[in-house]
Structures are given as structure tokens and as C-alpha cells.
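Listed here are the chains, written in short residue letters.
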Amino acid sequence: MAKGPSRFRQCGLRGQEALVNTGEPWPSLDEAVPRVLRMQAKLHLWAVRDPGRRFDDLYNLVCDPAFLVVAWDRVRRNKGARTAGVDGVSPRSIVADGDVAGFLAETRAQLKSRVFSPLPVRERLIPKGSPGKFRSLGIPSAMDRLVQASAKLVLEPIFEADFKPVSYGFRPRRRAQDAIAEIHHFGTQGYHWVLEADIEACFDEISHPELVRRVRARIGDKRVLALIKSFLKAGVMAEGGQFRDSVTGSPQGGILSPLLANIALSALDEHFCAAYDAHGAAWRRAAHRRRGGATCRIVRYADDFVIMVHGSKGHAEALREEVAGVLAPLGLRLSAAKTRVCHLDEGLDFLGFRIQRRLKRGTARKHIYTYPSKKALASIIGKVRALTRGSRHRTLADLLRQANAVLRGWCNYFRYGVSKATFHYVDMFTWRRITLWLRKRHKGINWKTLYRRFLTAKWDTPSEGNVEMFRPQTVEVTRYRWRGYHIPAPWASTAANLAV
């Protein structure tokens, strides 16, 4: 981490003194939120009504006090707010009202005077899942996070009007289960061949000129475009302290990066949705398939996507070159090792789920099932094993609190599927690991004493004080219903009222 004073400390603005110097009144969060939502609804409405409109004078919205107040609230509530960038300042460390007001005033002053310049992101390497592989995560400075969050508040409603409904990653009111449900839906409609694709280092290799070109199609304000370019070119400070230029890509970890990645990858959505729509009505698509053709549908979650084919394996294989042609202008390429064609009867792993068509027990009919993949199961087992290894916890209650958080989050994600047997296995495995941890902690304790001291009468659940082990086997599983192509944007209802 870089040493020395941060930009916040260098500026020297503090509390009310900053407000007197700038002369800008700062709204409270309760006042700012309605103003921001109303402005976002207007931007979304204008973008929906005129698909060719280019928006000017957006920079003043990025600098607007209401947008900065709402942006700061989102930055402060983010889980990553405890981590500092190269400036050495974590958002959670700016606590006092005077310090927050001074920080916001300083940020707005730099933006208004056009002297704001992003700092390099601090690089952290986190395990990717496979042994020995790591993912690069870029941590922006506190002020950069604030400006990115404000820019996202302005840009997201505009581009949401253009994004296709087949995209689900990092978009408001959409989630991974929607993508899984859509694959399930297409599978029941005859789309049985699947191109399971993987983009090689997507966030690291997106072409800056092509990304800016796609942003420029909607944004005419040169100041906003310059701000986006400055974030893309800010550079990276590696863990060893070496600086390197960012010639391509948008580092993962930045608040604006997922939106920019969606803007770039929407080229895939547009290409395959246009090819599908070109056939016209359903009977025309059926006639096309009878003549030996095929139709395909794309389902994308950020940089993970599958293309489902109503046709033959040859049609699915041919899509490799087609996808590569769409990705090439973006500076992206498919991973040869991880891109494959499979049939739904073989099954595929997507977003942690295993999706497979197979015979229903006791019948001759095939149904599509979704359940936790082996990799997802190995992940939760590994986390439980790591939590219950050695003497890293002082008390059983400490161990249970950490294990419960991990188990509850994992089960809430996978409860939309055929997961009951998996939940039972995870429950039994966790119970065994915790009871073994207790026996190692209390040498010589027999099972009778262990049951009496640490296990409740209800299902022999490990507990201490008022903390009990979360039991995965009690989680109710249900099917997640496909919501179709009409998932409303969060500003749609407000925009409808404005249009009246």
C-alpha cells in the first residue's frame, strides 16, 4: 500500500469550513434520494422514447450534490468500504459528519474545476477457484469510488434502456437465478444443443477505443467521456509496488467496471437477438428449422454466457467462429480450453448450478433439472473444512457465527433447485466437522458429555449461549419461476408517471 498523505488530507478541507468556501448546501440523504430517483427516471424515459438520442450536459449531474450524497451512501455501505486503495483511506474511516462534508466538498470542487484525476487502482490477487490460479482485483481510491458511483447513477438509467432482456449480470432487479430459469425455459422449447462459452480475461482485455465508441453512441457530453477515459487509463499499482499502464480492460473491483463491461458485451446480445428476430413470427422460425436451419438464443450473465441452439450439433459448433467474430472488435477472444459444445442430456455447469435433462424417476419422460454443481459443493465443503481446522476460534460461538454466515448465504443461493439431498449432505458434513472440533478442543471428552454440554435436544444441534448451528437441511427448496422478458427497470414506474 502506498504511504504518505492522501488527497483528502492534502486538500485540508474540513467540515463547515469546506461548505463556506464552496458555498454549496448539501442535502440530507432523505432529501437527495427522491431527487436522484426522479432525475434517473427522466433519463430512462428519454432514452426509451428516443433510442438514437445522445445525452449532453450530464457532467453537471455527476457533480450534483444530491448525486454525490447518494453515491457516497452506496460507497460507504459496500462491503469493500473497509479496504483502502493507494491513497491509504478506506471509506469506512471517514466517519465524522464534518469529515464527510469536507470530503464531498473537496470531490465536487475538483470535478467542477476539471482538475480531478483518478489514482491508479491498488491490485490484489484473489484465488480464482482452481489451485494456483488468481483473479486480479483493482481497488480504487476513496475519491475515485465516489466519482465512479456518481457517474454510474447518471449513466445506468440511460444504458438500461438499450440492454437486451437476455442479459442478467450486474443489472438492477436481475439475478443469477433469472438466467438459470431462462436456460430451463429454452430447454423445454427444443433448444437442446448448447455452446458453453468462456471469454479469456474479459475485464483485462476489453478494447478501450471500442468501448468508448459504444459509450459515445449514447453520451455526447465530452466531459463525461473524458472522465470515463481517465478511469480506464488510470493504471494499476501491483502488490509489489510496481506501476503499470492500463492499455486495455476495465479492472474488476471498480464500481463503474461492471456497467462498462455490460456496455461492451451487449454487442453479443444485439447480434444474436437481431439474428433471432430476423426470422419473424414463430411459424417462420419453425419453417426455417424444417428447411435444415437452426435458431439460437443467448443467455448472458456478465462475461459468462451460453448460446442454446434449436438445431444440430453442427449448428452449435459453427457458432464458435460467429462468436469469435463478434468479440474480435472488442479485443476479446474465447478460451479454447473452456469453450465447448454439449447436449442438455450431458449437462452443463453455469453460475454454480448443474443443468441437465434426464429421465424422471419412475417414468419414461425427460425433464430438465437444476441442482448445485460438484464444484459448488466442493467450494462450500472446503470453506467449512477451513473454518473448523485447528484452533483459530476462541469459542464455539465464534465458530458458529462464521459458519452460519457461510452456510446461510450458500443455501439461499441454491435453494432454487433440486437441492434437498445436497443440503442434507452439507448439514451432516458440517455437524461432523463441528463435533470433531469440539472433541479436539476438549481432550478426553466422551460423546455423552459432549451431547449434554454442547448439543441441543432439537436434532442434536451444536450451540453455545444463544448461538446455534444453522441447519441446511431445514432450508425449503423451491423452483424459481422464469420472469420472462418484462422485468421492469427500477425507474419504470416513476417514468410512467412522468409520461402521463
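Residues numbered from 1 in each chain as written. Predicted model: local features only at pLDDT ≥ 70, side-chain atom pairs only at ≥ 80, totals over all residues. Heavy atoms only, no water.

1. What to know about the sheet that holds strand β10 (residues 353-359)
Part 1 of the argument: Strand order in the open sheet made by the 3 strands is β9-β10-β11, with antiparallel pairing throughout. Both outer strands of the open sheet, β9 (348-350) and β11 (366-372), are each paired with one neighbouring strand and no more. Sheet twist, expressed as the mean angle between neighbouring strand axes with direction ignored, is 30 degrees.
Part 2 of the argument: As judged from the 3 bridges shared by β9 and β10, these two strands associate in the antiparallel manner. Paired with Leu 348 across the two strands is Ile 355, which belongs to β10. (Pairing = 2+ DSSP bridges. Helix = DSSP H or I, 4+ residues; strand = E, 2+ residues; numbered from the N terminus. Axes fitted to C-alpha atoms, helices over the stretch in contact; angles between N-to-C directions.)

2. With respect to unusual backbone geometry
Part 1 of the argument: For Asp 57, which is not glycine, the phi dihedral falls at a positive 55 degrees.
Part 2 of the argument: Note on placement: Asp 57 falls in the loop between α3 (29-49) and α4 (59-62).
Part 3 of the argument: Take Asp 57: its relative accessible area is 46%, and that puts it in the partly exposed class.
Part 4 of the argument: With a phi close to 65 degrees, Arg 173 is a non-glycine residue in the positive phi region.
Part 5 of the argument: Locating Arg 173 in the fold gives a position in the loop between α7 (142-160) and α8 (176-187). (Buried < 20%, exposed > 50% of the residue type's maximum accessible area, 1.4 Å probe, protein only.)

3. A few points about the packing of α7 against helix α12 (residues 257-277)
Part 1 of the argument: Put simply, α7 and α12 touch, their axes get as near as 10 Å, and they point 30 degrees apart. One finds that α7 runs roughly parallel with respect to α12. α12 is crossed by α7, and the crossing has left-handed handedness. Across from Gln 148, Lys 152, Leu 155, Glu 156 and Phe 159 in α7, the residues of α12 making contact are Ser 257, Leu 259 and Ile 263.
Part 2 of the argument: When its residues are assigned to classes, the contact of α7 with α12 shows 4 nonpolar, 2 polar and 2 charged. (Parallel < 35°, antiparallel > 145°, perpendicular 65-115°, else oblique. Left-handed = near helix turned anticlockwise from the far one by under 90°. Contact = heavy atoms within 4.5 Å. Nonpolar A, V, L, I, M, F, W, Y, C, P; charged D, E, K, R; others polar.)

4. Describing the pairing of strand β6 (residues 295-301)
Part 1 of the argument: Burial analysis of β6 places 6 of its 7 residues in the buried class, which makes it a mostly covered element.
Part 2 of the argument: For β6 and strand β7 (residues 304-310), the ladder comprises 7 bridges, and the chain directions are antiparallel. The residue of β7 that forms the bridge with Val 299 is Val 306.
Part 3 of the argument: Between the antiparallel neighbours β6 and β7 lie 2 residues, among them Ala 302 with a positive phi of about 55 degrees.

5. Quick word on helix α5 (residues 65-77)
Part 1 of the argument: Taking 1.5 Å of rise per residue, 13 residues should cover 18 Å, and α5 covers 18 Å from first to last C-alpha, within 8% of that figure.
Part 2 of the argument: Among the residues making up α5, those that are buried are Pro 65, Ala 66, Phe 67, Leu 68, Val 69, Val 70, Ala 71, Trp 72 and Val 75.
Part 3 of the argument: Residues of α5 that are buried sit in contact with α3, α4, α6 (97-112) and α7.
Part 4 of the argument: Where α5 begins, one side-chain oxygen reaches toward the backbone nitrogen of Ala 66, 2.9 Å away; that side chain belongs to Asp 64. (Expected span 1.5 Å × (residues − 1). Polar contact = N/O pair within 3.5 Å; in protein donor to acceptor, adjacent residues only side chain to side chain.)

6. Remarks on the pairing of β7
Part 1 of the argument: Here β7 lies mainly inside the structure; 5 of its 7 residues are buried.
Part 2 of the argument: As paired strands, strand β3 (residues 193-198) and β7 are joined by 6 bridges and run antiparallel to one another. Residue pairing across strands places Glu 196 opposite Val 306, the latter belonging to β7.

7. A short note on a positive patch on the surface
Part 1 of the argument: Taken together, the side chains of Lys 128, Lys 133, Lys 338 and Lys 375 present a region of like positive charge at the surface.
Part 2 of the argument: Tracing the backbone through its elements, the reader meets Lys 128 in the loop between β1 (121-127) and β2 (134-139).
Part 3 of the argument: For Lys 128, a relative accessible area of 41% corresponds to the partly exposed category. (Patch = residues over 30% accessible without salt bridge, like charges linked within 9 Å, V, L, I, M, F, W, Y side chains within 5 Å. Areas by Shrake-Rupley, 256 points an atom, 1.4 Å probe, with all protein chains shown as cover. Salt bridge = Lys/Arg side-chain N within 4 Å of Asp/Glu carboxyl O. Lys, Arg positive; Asp, Glu negative; His and termini not counted. Charge placed at Lys NZ, Arg CZ, Asp CG, Glu CD.)

8. A few points about helix α14 (residues 313-327)
Structurally, the α-helix is built with 3.6 residues per turn, so residues lying three or four positions apart point the same way.
Part 1 of the argument: Across its 15 residues, α14 extends 22 Å between first and last C-alpha, which sits within 8% of the 21 Å expected from 1.5 Å per residue.
Part 2 of the argument: Within α14, the axis deviates most sharply at Arg 320, by approximately 25 degrees.
Part 3 of the argument: Among the residues of α14, Ala 316, Leu 319, Val 323, Val 326 and Leu 327 are the ones counted as buried.
Part 4 of the argument: On its buried face, α14 is in contact with β3, α12, β6, β7 and β8 (340-343). (Bend = angle between axes of the 7 residues up to and from the residue.)

9. Thoughts on the environment of Ser 246
Part 1 of the argument: Here Ser 246 is to be found in the loop between β5 (243-244) and α12.
Part 2 of the argument: Beyond its immediate chain neighbours, meaning those up to four positions away, Ser 246 contacts His 208, Leu 232, Lys 233, Ala 234 and Gly 235.
Part 3 of the argument: Here Leu 232 takes part through its backbone oxygen, which lies 2.7 Å from a polar atom of the side chain of Ser 246.
Part 4 of the argument: A polar contact of 3.1 Å, which involves the side chain of Ser 246, links it to the backbone nitrogen of Gly 235.

10. Some words on the side chain of Arg 357
Part 1 of the argument: Mapped onto the elements, Arg 357 comes out in strand β10.
Part 2 of the argument: According to the relative accessible area criterion, Arg 357 is buried, its value standing at 17%.
Part 3 of the argument: For Arg 357, the side chain forms a polar contact with the side chain of Asp 345, separated by 2.7 Å.
Part 4 of the argument: Setting aside anything within four residues of it in sequence, one finds Arg 357 in contact with His 192, His 343, Leu 344, Asp 345, Lys 366, His 367 and Ile 368.

Read these as spatial facts, not as claims about activity.
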